[in-house]
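Per-entry structural report
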Amino acid sequence: MADSPVTPWALIYERLHAHFGAQDWWPAQSPFEVMVGAILTQNTAWRNVERAIGALRAADALSVFAILGMVEADLAQLIRPAGYFRVKAKRLRALCAFLAAQGVAEDPGQLGRGQDPAALRQTLLAVHGVGEETADAILLYALDAAVPVVDAYTRRIGKRLGLLPERASYCEIQSAIAAEIPADAAVLNELHALLVQLGKEYCRPRPRCEHCPLRSLCPYAYAYA
């Protein structure tokens, strides 16, 4: 990003990268594991997702065919650590049925190969249990598409920095980031991971502003102090 204009979001990226270093996110052994994690991480902490994925791996059930061939109640028990396990079992099976219908069950990383990411996003959004954040996480982290991912951390941090209106929609936030950050999957991957790390360590619901690497940029930090 050295040759890019130093816009607010670009400056945030630079500050956070200097403070935290590379995040190497998303931790997974395959694109399909990323897709599974994108479903399982809905409304839960990542440590719970890791436990659920570990259980799937131990049961040799971390594949499209294995999940589709499993009794749904058994699948639900395997992913129980991720919470909402019955709901997520249905969502995982819906995703796997979609991948099978797309002809990529054996290699989900080929999903949408050569297809416009915007069109693939709309197709993903039609899958049961796949919302905007989940679809974009699949596109960015599993398929290397240059799509910004917006989550609760992004929203909270952007509002506190004065970069987002109070009631900004997902699309508005995504567009604001896309307007300032290069359309580069690696950069957008890193930005999202860095925002998550900031949200976990400093910009929490009850913030820890004193040592935050964005303190000098943040009007909320001065008001909160």
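As a reminder, the structure under discussion sits directly above these lines.
Cut-offs applied
Residues numbered from 1 in each chain as written. Predicted model: local features only at pLDDT ≥ 70, side-chain atom pairs only at ≥ 80, totals over all residues. Heavy atoms only, no water. Core = buried A, V, L, I, M, F, W, Y, C linked by side-chain atoms within 4.5 Å. Buried < 20%, exposed > 50% of the residue type's maximum accessible area, 1.4 Å probe, protein only. Contact = heavy atoms within 4.5 Å. Salt bridge = Lys/Arg side-chain N within 4 Å of Asp/Glu carboxyl O. Helix = DSSP H or I, 4+ residues; strand = E, 2+ residues; numbered from the N terminus. Axes fitted to C-alpha atoms, helices over the stretch in contact; angles between N-to-C directions. Parallel < 35°, antiparallel > 145°, perpendicular 65-115°, else oblique. Left-handed = near helix turned anticlockwise from the far one by under 90°. Polar contact = N/O pair within 3.5 Å; in protein donor to acceptor, adjacent residues only side chain to side chain. Phe/Tyr/Trp six-rings, centres within 6.5 Å; stacked < 30°, edge-to-face > 60°. Lys NZ or Arg CZ within 6 Å of the ring centre and 35° of its normal. Arc of directions from axis to C-beta.

**Let's talk about the nonpolar core**
Leu40, Ile79, Leu99, Leu111, Leu124 and Leu198 are the most contacted members of the largest nonpolar core, which totals 76 residues. Setting aside anything within four residues of it in sequence, one finds leucine 99 in contact with Phe32, Met35, Val64, Val104, Ala105, Pro108 and Leu111.

**Structural notes on the pattern of salt bridges**
Here the structure, examined in full by the defined rule, presents six salt bridges. Residue lysine 90 is joined to glutamate 72 by a salt bridge in which the shortest nitrogen-to-oxygen separation is 3.0 Å. Placement of the pair is lysine 90 in helix 6 (residues 85-101) and glutamate 72 in helix 5 (residues 72-78), with a sequence separation of 18 residues. By relative accessible area, lysine 90 is classed as partly exposed at 47%. You can call glutamate 72 partly exposed: its relative accessible area is 28%. In this structure, arginine 121 and glutamate 132 form a salt bridge, with 3.7 Å as the shortest nitrogen-oxygen distance. Note that arginine 121 is positioned in helix 7 (residues 117-125) and glutamate 132 in helix 8 (residues 132-142), a separation of eleven residues in sequence.

**Quick look at the packing of helix 7 against helix 8**
Closest axis-to-axis distance for the helix 7/helix 8 pair is 9 Å, and the angle between their directions is 135°. When the interaxial angle is binned, helix 7 and helix 8 end up oblique. Helix-helix and strand crossings are classified by hand; for helix 7 and helix 8 the assignment is right-handed. Only Glu132, Ala135, Asp136, Ile138 and Leu139 of helix 8 make contact with helix 7, whose side of the interface consists of Pro117, Leu120, Arg121, Leu124 and Leu125.

**Quick look at the environment of glutamate 33**
Tracing the chain through its elements places glutamate 33 in helix 2 (residues 31-40). On the basis of relative accessibility, which here comes to 7%, the residue glutamate 33 falls in the buried class. Once the C-alpha coordinates of glutamate 33 and proline 108 are considered, the two residues, 75 residues apart in sequence, prove to be 9.5 Å apart. With sequence-adjacent residues up to four places away left out, glutamate 33 is seen in contact with Pro27, Ala28, Ile53, Arg57 and Leu62. In terms of polar contacts, glutamate 33 uses its side chain to reach the side chain of arginine 57, at 2.4 Å.

**Considerations on unusual backbone geometry**
That bond from tryptophan 25 to tryptophan 26 is cis: its omega, 20°, falls within 30 degrees of zero. Structurally, the position occupied by tryptophan 26 is in the loop between helix 1 (8-20) and helix 2. With a phi angle near 60°, asparagine 43 is a residue other than glycine that sits in the positive phi range. With respect to the helices, strands and loops of the structure, asparagine 43 is situated in the loop between helix 2 and helix 3 (46-58).

**As for the side chain of glutamine 174**
Turning to its location among the elements, glutamine 174 is positioned in helix 10 (residues 170-178). When its relative accessible area of 13% is taken as the criterion, glutamine 174 is described as buried. A polar atom in the side chain of glutamine 174 sits 2.8 Å from the backbone oxygen of proline 148. Those residues in contact with glutamine 174, other than ones at most four positions away along the chain, are Arg121, Asp136, Val147, Pro148 and Val150.

**Comments concerning the packing of aromatic side chains**
Tallied over the full model, the rule gives five aromatic pairs. Geometrically, the ring pair formed by tryptophan 25 and tryptophan 46 is edge-to-face, given 5.2 Å between the ring centres and 65° between the ring planes. Of this pair, tryptophan 25 sits in the loop between helix 1 and helix 2 while tryptophan 46 sits in helix 3, and the two are 21 residues apart along the sequence. A relative accessible area of 12% places tryptophan 46 in the buried class. An aromatic cluster of three or more residues is present, and its members are Trp25, Trp26, Trp46 and Tyr141. When the ring centre of tyrosine 220 is taken as reference, the NZ or CZ atom of arginine 160 above it lies at 4.5 Å. Here the guanidinium or amino end of arginine 215 rests over the ring plane of tyrosine 222, the centre of that ring lying 5.8 Å away.

**Some thoughts on helix 9 (residues 152-160)**
Residues Thr154, Ile157, Gly158 and Arg160 constitute the buried set of helix 9. Taken down its axis, helix 9 places every buried residue within 165° of arc, on the same side. Of the surrounding secondary structure, the elements contacted by the buried residues of helix 9 are helix 1, helix 10, helix 11 (185-201) and helix 12 (219-224). Put simply, aspartate 151 is the residue that caps the front of helix 9, since its side-chain oxygen is 3.1 Å from the backbone nitrogen of tyrosine 153. Within two residues after helix 9, glycine 162 carries a phi angle of roughly 80°, on the positive side.

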